[in-house]
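# Observations on the three-dimensional arrangement
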Amino acid sequence: MGAHFREVYTTEVSPPMKWHLQRKYKLLGIDEWQHTGFQYDLISCLNLLDRCDDPLDLLRGIHRSLVPGTGRLILAAVLPFQPWVEIGGKWQRPREHIKVTGKKWEEQVTNLSNEVFREVGFEVEAVTRLPYLCEGDMYKDYYVLDDAVFVLKPVEE
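About the thresholds
Every chain's residues receive numbers from 1 upward, in the order its sequence appears when written. At least 70 in pLDDT is required for a residue's local features to be given in this predicted model, at least 80 for side-chain atom pairs to be given and counted, and no such filter applies to totals for whole chains, interfaces and linings, which use all residues. Side-chain measures were taken over the full set of non-hydrogen atoms in the model, leaving aside hydrogen atoms and water. Helix numbering and strand numbering both begin at the N terminus, where a helix is a DSSP run of H or I of at least 4 residues and a strand a DSSP run of E of at least 2. Here the radius of gyration uses the C-alpha set of atoms, whereas the globule reference equals 2.2 Å times the residue count to the power 0.38. Note on classification: 1.4 Å probe, protein chains only; a residue is buried when its accessible area is under 20% of the maximum for its type, exposed when over 50%, partly exposed between these limits. We call two residues in contact whenever any of their non-hydrogen atoms come within 4.5 Å of each other. Per-residue and other accessible areas were derived by the Shrake-Rupley procedure at a 1.4 Å probe size, with only the shown protein chains allowed to occlude residues. Counted charges follow a simple rule, with Lys and Arg positive, Asp and Glu negative, and His plus the chain ends left uncounted. Working definition for charges: the position is that of NZ of Lys, CZ of Arg, CG of Asp or CD of Glu. Cysteine sulfur atoms that pair up within 2.5 Å are treated as a disulfide. To form a nonpolar core, buried Ala, Val, Leu, Ile, Met, Phe, Trp, Tyr and Cys residues must be joined to one another through side-chain atoms within 4.5 Å. Paired strands, in this sense, are two strands between which DSSP finds at least two bridges. Axis lines are fitted to C-alpha atoms, over the contacting stretch for helices. Their N-to-C directions set the angle, which ranges from 0 to 180 degrees. Stacked, tilted and edge-to-face pairs are distinguished by plane angle, under 30 degrees for stacked and over 60 for edge-to-face with tilted covering the rest, among Phe, Tyr and Trp rings (Trp via its six-membered ring) whose centres lie within 6.5 Å.

## Digging into the overall build of the chain
Assigned secondary structure in the chain consists of three helices and eight strands. What you see in the chain, going N to C, is helices and strands ordered as β-α-β-β-α-β-β-β-α-β-β. A globule of 157 residues ought to have a C-alpha radius of gyration of about 15 Å, and the chain, at 16 Å, matches this closely. Dimensions of the chain, computed from the C-alpha atoms along their principal axes, are close to 45 × 40 × 30 Å. When the 157 residues of the chain are sorted by exposure, 34% land in the buried category. Across the chain, contacts joining residues at least 24 apart in sequence account for 62% of those joining residues at least 6 apart. Approximately 10400 Å² of the chain is accessible, and the part contributed by carbon and sulfur atoms is 51%. Charge separation in the chain, taken as the distance between the mean sites of 19 positive and 24 negative side-chain charges, equals 1 Å.

## With respect to the state of the cysteines
Defined simply, a disulfide is a covalent bond joining two cysteines at their sulfur atoms. Throughout the structure, instances matching the rule amount to zero disulfides. Of the cysteine sulfurs around Cys45, a residue in no disulfide, the closest is that of Cys52, at 7.4 Å.

## Digging into the nonpolar core
Counting 29 residues, the largest nonpolar core has Ile62, Leu73, Leu75, Phe117, Phe122 and Phe150 as the members making the most contacts within it. When residues in this core are grouped by element, the largest group, five residues, is from helix α3 (residues 105–119). Not counting chain neighbours up to four residues away, the residues in contact with Leu75 comprise Cys45, Leu49, Leu59, Phe117, Ala148, Val149, Phe150 and Leu152.

## So, the pairing of strand β7 (residues 122–135)
Across 13 bridges, the pairing between β7 and strand β8 (residues 142–154) is antiparallel. Counted as the bridge partner of Arg129 is Ala148 from β8. Hairpin connection from β7 to β8: six residues lie between these consecutive antiparallel strands.

## Thoughts on the environment of Ala126
On the secondary structure map, Ala126 appears in strand β7. When the C-alpha positions of Ala126 and Trp33 are compared, they lie 25 Å apart, and in sequence the two are 93 residues distant. Setting aside chain neighbours within four positions, we find Ala126 in contact with Val149, Phe150 and Val151.

## Things to note about the sheet that holds strand β3 (residues 42–46)
Ordered by their spatial adjacency, four strands build an open sheet running β3-β4-β8-β7, and the pairing between neighbours is mixed. Whereas interior strands pair on both sides, the edge strands pair on one side only; in this sheet they are β3 and β7. Averaged over neighbouring strand pairs, the angle between their axes works out to 20° when direction is ignored. In this sheet, strand β4 (residues 72–79) lies alongside β3 in parallel orientation, the contact comprising five bridges. Paired with Leu42 across the bridge in β4 is Arg72. Running over the sheet, α3 touches β4, β7 and β8 and is turned about 35° from β8.

## Thoughts on helix α2 (residues 55–65)
Within α2, eight of the 11 residues are buried, leaving the element largely enclosed by the surrounding structure. Taken as a whole, α2 has its buried residues at Pro55, Leu56, Leu58, Leu59, Gly61, Ile62, His63 and Ser65. Where α2 is buried, its residues contact β3, β4, α3, β7 and β8.

## Side note on the packing of aromatic side chains
Enumeration according to the criterion identifies four aromatic pairs in this entry. Seen in terms of ring centroids, Tyr9 and Tyr40 are 6.2 Å apart; in terms of plane orientation they differ by 75°. Their pairing is edge-to-face. On the criterion of sequence distance, the pair formed by Tyr9 in strand β1 (residues 9–10) and Tyr40 in the loop between β2 (26–27) and β3 is long-range, its members being 31 residues apart. Of the residues examined, Tyr9 reaches a relative accessible area of 25% and is grouped as partly exposed. Centre to centre, the rings of Phe117 and Phe150 are 4.9 Å apart; their planes meet at 80°, and the pair counts as edge-to-face. Separated by 33 residues along the polypeptide, Phe117 in helix α3 and Phe150 in strand β8 bring together distant segments of the chain. You'll find Phe117 and Phe150 in the same group, each marked buried.

## What to know about the environment of Pro15
Considering the arrangement of structural elements, one finds Pro15 in helix α1 (residues 15–22). Taking the C-alpha atoms as reference points, Pro15 and Glu32, separated by 17 residues in sequence, lie 17 Å from one another.

Structure below.
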């Protein structure tokens, strides 16, 4: 996406990825991006919602940080939605719970669109399904998961 914008800012928690990203982009701390004093034309939040301790707070912060009227959020989420957060090397449930209903991919997309995203001030402009290749384990080299990729527009209150 960087080719489409004059400036690109990134956040990351992984030290090796930070090193790579800061060579090409301006790297912001994970608690810094909301407090830069400016707003963003586009924010991408890729496969983070299910690994975030405060996902609704994150979405509200993104809403506040987008340019009013024209700003957009590209959000990818693995479905079925199974939130877990790694803290201190241990996996636990996030502090803030997003209730996503439905068993099928389509049902969860509908619930996220009509309930979760609307609750925090977004409406869905587009959605698609893409494969997400996930790191493997001792049983498989990698796993293929189903991603829902949304283009979200902030709704002004």
